[in-house]
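Residue strings, one per chain:
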Amino acid sequence: MLYEIIQEIKDFLTTYQNVPKNCKCSICLSYFENSDNVTHLNCYHYFHNSCLKTYLSYALSDIEKEKQEAKFHKIKWLYRTVGCPECRQEITDKQIQELNKYSVLSSPIEETNDKIIISSNIRKLQEYMRNLFEKQRAKGGIIEPKEEYIISLNRSDEIQSDEES
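Parameters and conventions
- Residues numbered from 1 in each chain as written.
- Predicted model: local features only at pLDDT ≥ 70, side-chain atom pairs only at ≥ 80, totals over all residues.
- Heavy atoms only, no water.
- Core = buried A, V, L, I, M, F, W, Y, C linked by side-chain atoms within 4.5 Å.
- Buried < 20%, exposed > 50% of the residue type's maximum accessible area, 1.4 Å probe, protein only.
- Helix = DSSP H or I, 4+ residues; strand = E, 2+ residues; numbered from the N terminus.
- Contact = heavy atoms within 4.5 Å.
- 1 Å grid on protein atoms, 1.4 Å probe; cavity = no way out; pocket = protein on both sides within 12 Å on 5 of 7 lines; lining within 4 Å.
- Points joined across faces, edges and corners; volume = space filled by probe spheres on them.
- Nonpolar A, V, L, I, M, F, W, Y, C, P; charged D, E, K, R; others polar.
- pLDDT = per-residue confidence, 0-100.

### Some thoughts on the nonpolar core
Ranked by internal contacts, the top residues of the largest apolar core, which has 19 residues, are Leu 41 and Leu 56. At the level of elements, strand E2 (46–48), helix H2 (49–72) and helix H3 (93–99) are the ones that each hand at least two residues to this core. In terms of residue count, the dominant contributor to this core is H2 (5 residues). Contacts of Leu 41, omitting those with residues within four sequence positions, involve Phe 47, Leu 52, Cys 84, Pro 85, Ile 91 and Gln 95.

Here it is as structure tokens:
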């Protein structure tokens, strides 16, 4: 009974294009307004149409790159789909086709042509952060991914030798 009530509420929200109040789009982090074009996925997470379309275009291009890399390296490519940005539930092909109707340019965030000026204070802060990063790296506080892999291999060798003795 409770499940049916929840489904009816979800259908009502979908049918009448109600925009969620006091909620943010989890992609652009802007609040929804009544004039925004908003859509939801099957999991009932809401997004601006333009934000979701942009997300989908990047996700689909990443999947295509993975396919090409698998083909290049002659390995089997495992089928992968695009998921909701919040919960990773699969986005259906039907929803992807519906979103392709919307223009990416109708973003809720206004684009500005203002030039970004980096002040001397920012330059000093960048230099300070760069020096701090190098200091931490020299003391071993930052481990590169390749080095971390080598360390884990060495540790597994140590563990095996301890177990054998």
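### Digging into the layout of surface pockets
One number sums up the size of the second largest pocket: a volume of about 170 Å³. In terms of lining residues, the second largest pocket is bounded by 13 residues, among which Leu 60, Ile 63, Tyr 79, Arg 80 and Thr 81 are the most central. Contributing elements (two or more residues each) for the lining of the second largest pocket: H2 and H3. Ranked by the residues each element gives to the lining of the second largest pocket, the list is headed by H2, at 4 residues. By residue class, the composition of the lining of the second largest pocket is 7 nonpolar, 1 polar and 5 charged.

### Looking at the confidence of the model for the chain
Scored by pLDDT, the chain comes out at a mean of 76, with 72% of its residues at no less than 70. No element of the chain has a lower mean pLDDT than helix H5 (residues 145–164), which averages 58, and none a higher one than helix H4 (residues 120–138), which averages 89. Counted against residues more than four places away or in other chains, residues 105–110, with its pLDDT under 50, gives 9 contacts.

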